Amino acid sequence: MVSWRGTRLRDALRLYVITDRTLARGRPESEIARQAIAGGATAIQLRWKTGPLSEALRVGRELRELCSREGVLFVVNDRVDLALALEADGVHVGVTDLPVAETRRLVGDQLVVGFSPETLEQALEAEAAGADYLGVGPVYPTVTKPDAGPAVGLEHVQRIAAAVRIPVVGIGGITAENAGAVIRAGAVGVAVISAVVGADDVRLAAAQLRKVVDEALAERQ
Amino acid sequence: MNPWSVPRLHLITDPAVCSFEQLCEWLPRLLQAGVDAVHLRAPGVPAGELLKVAAELRRRIVPPAVLLVNDRLDIALLCQADGVHLPEQGLPVRAARELLGGGRLVGRSVHSVEAARAAAAEGCDYLIYGNVYETASKPGAAARGLDALREVVHATHVPVVAIGGITPDRVPAVVRMGAHGVAVIRGILAADDPIAAVRAYRQAMDEVRGDGDSRDIKRETGGAGRSADNR
């Protein structure tokens, strides 16, 4: 397995789609992911908050296979053991999850480690502890994560992106209408849940977002 | 793993019943009184906090007692636990073995003969089966009973630890069904005197083992029991 760490990672973070069963309206994760990838998603994250782990394993195996076939980054949220069991490409942790340094210690130097900082200090600490990228947000108000706190805005993305060397993705309330501003604030990509998973046409929603991200990145260069 | 090195008296944590602070204070005496294994179980506690608790428990749980982490293999690895206890719907045993390496305990909770056979085929060191009696830890869950326990014991070669409403008074009946040991939450942590409770469990287990030995029963009834060579 070729590691996604390093130069490959930036491109893999352009359109980062996170699974959410409650928003999927009965459509299986693998089907949502397949359509999202067809539309231009570059990364898929398995986020499993409720339900038996055996189900997460089953879904995760499908996503693992799909992402390998399509050349898309596959990340598991929170559970480092699940990420290892599924042979995921990466794991994503937040401030109440396992610390970045411990996560890095468990996964070795091949896997991507992502972190969601709440403050600039946490962002800098995570970078020093071995994080490969940061998910910063919520950029805009969001209903997907009721525990995510108030929107931090574009300035927060700008401040963190300017302070760290590792790539930053914006997350929280991002749509095709506002994604361009997130990229212009310094993010290399956007992470979305409802804008893609909750869309009637998942493929179209992903394609529209990807187009906006690519155009904004091209303008920036 | 030699089945007779599998712990017999398992204490399972529950922060709703007993805080980790309180538990840490009691731990040296609980272990001295005869707890063989402590399972760190705290559903809903975020992993970062759980890791801190695990490190505290690790400092206090010394051989011959063992520390097992419920469900979270990543935390078991980080705190250098003696093993992991997997829920019936948890990670595969193979993943646990590969990541933990040799010499660690891997157990699984089971709630049926079928699940017990599947877990045994995966190579578990022990099984936890329950709830044998009604328990406040699983309100509304009907007792599965002693006959069902016996069926599970006889379904595999793997030692079975019984759980669910087991008081010291009920230990002899449970052990006579072939259970290798018992797992307890409230029977110890909600007892007026947790240390005395541990002694009572220990004594009940050692006594019944001394007279009508459970392994003989298992062999006589034609179950797939361990051979006398293991003794």
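Structure: above.
Note that the structure is predicted; figures quoted are calculated from it, not measured.

As for the state of the cysteines
Working step 1: Within this structure, the stated rule accounts for zero disulfides over all chains.
Working step 2: No disulfide involves Cys24(B); its sulfur sits 9.1 Å from that of Cys18(B), the nearest cysteine.

Quick notes on the pairing of strand E4 (residues 83-86) of chain B
Residues and elements named next belong to chain B.
Working step 1: Alternating positions in E4 separate into two faces, Gly83 and His85 on one and Val84 and Leu86 on the other, with burial throughout.
Working step 2: With three bridges joining them, strand E3 (residues 66-70) and E4 adopt parallel strand pairing. Considered in E4, the bridge of Leu68 is made with Gly83.
Working step 3: Crossover connection from E3 via helix H3 (residues 73-78) to parallel E4: handedness right-handed.
Working step 4: Crossover connection from E4 via helix H4 (residues 93-100) to parallel strand E5 (residues 105-110): handedness right-handed.

Describing the interface of chain A and chain B
Working step 1: Taken together, the 19 residues of chain A in the interface contact 18 residues of chain B.
Working step 2: At the boundary of chain A with chain B, total buried surface from both sides reaches about 1400 Å², with 68% on carbon and sulfur atoms.
Working step 3: The tally of links between chain A and chain B comes to two salt bridges.
Working step 4: With a closest N to O distance of 2.8 Å, Asp71(B) and Arg79(A) form a salt bridge.
Working step 5: Between the two partners, chain A and chain B, sit eight residue pairs in polar contact (both at pLDDT 80 or more).
Working step 6: In terms of residue count, the dominant contributor to the side of chain A that touches chain B is helix H4 (residues 80-85) of chain A (five residues).
Working step 7: Here the side of chain A that touches chain B is composed, by residue class, of 10 nonpolar, two polar and seven charged.

Observations concerning the sheet that holds E5(B)
All names here are of chain B.
Working step 1: Taken in spatial order, the eight strands close into a barrel running E1-E2-E3-E4-E5-E6-E7-E8, and their pairing is parallel. Strand after strand, the sheet turns through a mean of 25° between neighbouring axes, direction not considered.
Working step 2: In this sheet, E5 lies alongside E4 in parallel orientation, the contact comprising four bridges. Bridge pairing in E5 places His85 opposite Gly107.
Working step 3: Against the sheet, helix H2 (residues 47-60) touches strand E2 (37-40) and E3, its axis set at about 170° to E2.
Working step 4: In the packing of helix H6 (residues 145-155) onto the sheet, the strands contacted are E5, strand E6 (126-129) and strand E7 (160-163), and the crossing angle to E7 comes to about 160°.

Definitions and cut-offs
Residues numbered from 1 in each chain as written. Chains lettered and ligands numbered in written order. Predicted model: local features only at pLDDT ≥ 70, side-chain atom pairs only at ≥ 80, totals over all residues. Heavy atoms only, no water. Disulfide = S-S within 2.5 Å. Buried < 20%, exposed > 50% of the residue type's maximum accessible area, 1.4 Å probe, protein only. Helix = DSSP H or I, 4+ residues; strand = E, 2+ residues; numbered from the N terminus. Pairing = 2+ DSSP bridges. Right-handed = clockwise from strand over helix to strand, strands pointing away. Contact = heavy atoms within 4.5 Å. Buried area = accessible area lost by both parts, 1.4 Å probe. Salt bridge = Lys/Arg side-chain N within 4 Å of Asp/Glu carboxyl O. Polar contact = N/O pair within 3.5 Å; in protein donor to acceptor, adjacent residues only side chain to side chain. Nonpolar A, V, L, I, M, F, W, Y, C, P; charged D, E, K, R; others polar. Axes fitted to C-alpha atoms, helices over the stretch in contact; angles between N-to-C directions.

Worth remembering: the numbers are spatial, not functional.
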